[in-house]
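Now for the letters of each chain:
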Amino acid sequence: MKLLYITVSMPFGEYESFFIPEVQEMIRQGCDMLIVQRSPDGDCYNRDAAGLDKRSVRRPLLNVEILATALAVALRRPIRTFRAFRRLFHCGSLMTFLKNIAVFPKSLWIARLARKWGAEHIHAQWAMTTGTMGMIASEVSGIPWSCTLHRGDIVENNLLAAKLKHASFVRFIANDGIAIAESLCGRPLQGNVFVLHSCVDMPPQIAFRETLSTPPVLLCAAFLHERKGHQYLIEAVRLLRDSGVTVKLLIAGHGALQAALERQTAECGLQDQIAFLGRVEHSRLLDMFRTGQVDLVVLPTLHEGIPAGLIEPMAYGVPVLSTRVGGVPELLDGDAGVMVPPRDPAALADAIRRIIADAELRQTLVQNGRKRVEEGWAVQPVVAELLRRIGQFTEKHAPLDRP
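The following refers to the structure shown.

Calculation criteria
- Residues numbered from 1 in each chain as written.
- Predicted model: local features only at pLDDT ≥ 70, side-chain atom pairs only at ≥ 80, totals over all residues.
- Heavy atoms only, no water.
- Helix = DSSP H or I, 4+ residues; strand = E, 2+ residues; numbered from the N terminus.
- Rg over C-alpha atoms; globule rule 2.2 N^0.38 Å.
- Contact = heavy atoms within 4.5 Å.
- Areas by Shrake-Rupley, 256 points an atom, 1.4 Å probe, with all protein chains shown as cover.
- Lys, Arg positive; Asp, Glu negative; His and termini not counted.
- Charge placed at Lys NZ, Arg CZ, Asp CG, Glu CD.
- 1 Å grid on protein atoms, 1.4 Å probe; cavity = no way out; pocket = protein on both sides within 12 Å on 5 of 7 lines; lining within 4 Å.
- Points joined across faces, edges and corners; volume = space filled by probe spheres on them.
- Nonpolar A, V, L, I, M, F, W, Y, C, P; charged D, E, K, R; others polar.
- Buried < 20%, exposed > 50% of the residue type's maximum accessible area, 1.4 Å probe, protein only.
- Axes fitted to C-alpha atoms, helices over the stretch in contact; angles between N-to-C directions.
- Parallel < 35°, antiparallel > 145°, perpendicular 65-115°, else oblique.
- Left-handed = near helix turned anticlockwise from the far one by under 90°.
- Pairing = 2+ DSSP bridges.
- Salt bridge = Lys/Arg side-chain N within 4 Å of Asp/Glu carboxyl O.

Section: the overall build of the chain
Alright, step 1. The secondary structure content of the chain amounts to 16 helices and 13 strands.
Alright, step 2. On C-alpha atoms alone, the chain measures out to a radius of gyration of 22 Å, which is about the 22 Å that the 2.2 N^0.38 rule sets for 403 residues.
Alright, step 3. For the chain, long-range pairs separated by at least 24 residues make up 72% of all intrachain contacts whose partners lie at least 6 apart in sequence.
Alright, step 4. Total accessible area on the chain stands at roughly 16,400 Å², and carbon and sulfur atoms take up 53% of it.
Alright, step 5. Each charge class in the chain can be summarised by its mean position, and for the 46 positive and 41 negative side chains these summaries are 9 Å apart.

Listed below in structure tokens is the structure:
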């Protein structure tokens with residue numbers, strides 16, 4: 001199967017590293033993949049992406065080549081191009097319309113590339129402008145397309161109804177995403193829509209550790225953005241200290257909120273208990289899980305799909321604590337993890353205290369968490385199902401002649 005795969009920047013940059021295991025597994029299972037980025041950024045950041053740069057056609061969002069190709073495609077296929085362009089007028093906001101206009105030339109360039117390479121299917125990550133590019137490229141090239149939707153991209157509602165209508169299928173990573181899309185579209189979704197979780201590589205089973213570090217080590221691995229809720233976790237650590245419970249919190253990640261979080265840490269007098277690790281290699285995080293350097297993963301997020309930041313530690317037998325938001329309950333219900341309300345430092349502190357004090361609870365979380373990931377988030381069966389779905393809509397195409 002020859003699949004043209006559209007991303008924002010993966011494998012370049014760092015913001016889409018969570019679906020690299022899925023892409024690598026698709027290739028291992030026999031998919032011939034060509035990756036096109038909307039806006040390639042930086043070098044290959046994640047070591048797991050090694051080799052994917054060689055499967056990429058790296059071009060900026062706009063240059064002379066893309067403009068010339070877009071014009072040639074528009075002249076060669078004027079009706080299809082006009083039909084694709086007309087869809088952009090149903091965006092709902094001027095800003096969204098302008099974003100889609102910005103990717104239109106590269107979408108036509110992708111249509112030409114897909115035909116010349118002999119792509120049998122086009123798949124886009126996200127329902128935002130990358131989904132727009134997949135939809136336009138499919139309309140112009142005649143090659144079927146599909147899309148994986150997460151959460152924030154659904155909420156953005158960039159031509160969501162049109163994408164649901166025209167895609168061969170739309171994959172949601174959580175049932176929560178379908179509920180949001182149904183609310184935005186004002187109708188039940190059916191037919192070409194299904195849930196297939198994001199996935200992670202499954203490591204070998206690791207023996208449960210009854211003894212915790214001294215003090216217990218908590219890890220929060222997430223970009224330092226407002227919606228990740230770090231400020232509530234820092235406050236929870238202060239509440240624990242004031243009640244006589246000492247923990248060590250490692251914050252892995254970087255972002256716009258770092259200075260504010262470091263200031264909050266200093267104001268609370270927690271510099272000796274909270275360490276900001278900055279940008280951490282994915283392989284190092286996995287090694288921390290594997291070697292028992294982390295006793296509890298905490299993600300106090302305010303809204304979320306189903307984050308790899310919880311799935312991966314669960315696969316490695318590390319108990320997790322998060323907030324009851326978005327798709328998180330789909331992952332953690334049934335004692336696979338502990339959940340508290342968002343924006344509630346006291347509830348976070350109480351849950352941390354309970355988990356680190358109760359070895360039997362931790363063992364239950366470890367066992368149930370690992371089993372939950374094996375049953376619904378393991379990379380091999382998830383990718384096999386995704387490729388099966390894509391295979392139902394593949395088509396053979398003759399190369400498109402140069403204009």
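Examining empty space enclosed by the protein
Alright, step 1. The tally for this structure, following the rule as stated, stands at two cavities of 30 Å³ or more.
Alright, step 2. Empty space within the largest cavity amounts to approximately 50 Å³.
Alright, step 3. Surrounding the largest cavity, Phe 18, Phe 19, Glu 22, Gln 125, Thr 148, His 150, Arg 171, Ile 173, Ser 198 and Cys 199 form its lining.
Alright, step 4. Across the lining of the largest cavity, the residue classes tally to four nonpolar, four polar and two charged.
Alright, step 5. Quantified by volume, the second largest cavity comes out at close to 30 Å³.
Alright, step 6. Contributing to the lining of the second largest cavity are ten residues, with Met 10, Pro 11, Phe 12, Gly 13 and Ile 20 lying nearest its centre.

Quick look at the environment of Leu 3
Alright, step 1. Note on placement: Leu 3 falls in strand E1 (residues 2-7).
Alright, step 2. Leu 3 sits in the buried class, given a relative accessible area of 0%.
Alright, step 3. In this structure, the C-alpha to C-alpha distance between Leu 3 and Leu 387, residues 384 residues apart in sequence, is 9.9 Å.
Alright, step 4. Filtering out sequence-adjacent residues up to four positions away, Leu 3 remains in contact with Met 26, Cys 31, Asp 32, Met 33, Leu 34, Trp 117, His 121, Ile 122, His 123 and Ile 390.

Some points on the packing of helix H1 (residues 20-28) against helix H16 (residues 379-391)
Alright, step 1. It is the contact of H1 with H16, at a shortest axis distance of 9 Å, that shows an interaxial angle of 65°. With respect to H16, the axis of H1 lies roughly perpendicular. Considering the relative orientation of H1 and H16, their crossing is right-handed. For the pair formed by H1 and H16, the contact residues are Pro 21, Glu 22, Glu 25 and Met 26 on the first element and Val 379, Gln 380, Val 382, Val 383, Leu 386, Leu 387 and Ile 390 on the second.
Alright, step 2. Considering only residue class, the contact of H1 with H16 consists of eight nonpolar, one polar and two charged.

Quick word on the sheet that holds strand E4 (residues 121-125)
Alright, step 1. Spatially, the seven strands line up as an open sheet ordered E3-E2-E1-E4-E5-E6-E7, and their pairing is parallel. Strands with a single pairing partner mark the edges of an open sheet, and in this sheet they are strand E3 (56-57) and strand E7 (193-195).
Alright, step 2. Where E1 lies against strand E2 (residues 32-37), six bridges are found, and the strand directions are parallel. Residue Ile 6 lies in a different strand from E2, and its bridge partner there is Val 36.
Alright, step 3. Seen against the sheet, helix H4 (residues 94-117) touches E1, E2, E3 and E4 and runs at an angle of roughly 165° to E2.
Alright, step 4. Across the face of the sheet, H16 comes into contact with E1, E4, strand E5 (145-149), strand E6 (169-172) and E7 while running at roughly 165° to E6.

Re the pattern of salt bridges
Alright, step 1. Applying the stated rule across the entire model yields 20 salt bridges.
Alright, step 2. One salt bridge connects Asp 176 with Arg 151, and the closest N-O pair in it is separated by 3.1 Å. Placement of Asp 176 in helix H8 (residues 175-185) and of Arg 151 in the loop between E5 and helix H6 (152-156) is noted, with a sequence separation of 25 residues between them.
Alright, step 3. With relative accessibility at 22%, the residue Asp 176 sits in the partly exposed group.
Alright, step 4. Given the relative accessible area of 17%, Arg 151 is considered buried.
Alright, step 5. Salt bridges linked by common partners bring Glu 235, Arg 238, Arg 241 and Asp 242 together as one network.

Looking at the side chain of Ser 56
Alright, step 1. Structurally, Ser 56 can be placed in strand E3.
Alright, step 2. Contact partners of Ser 56, with chain neighbours within four places excluded, come to Pro 11, Phe 12, Ile 35 and Gln 37.

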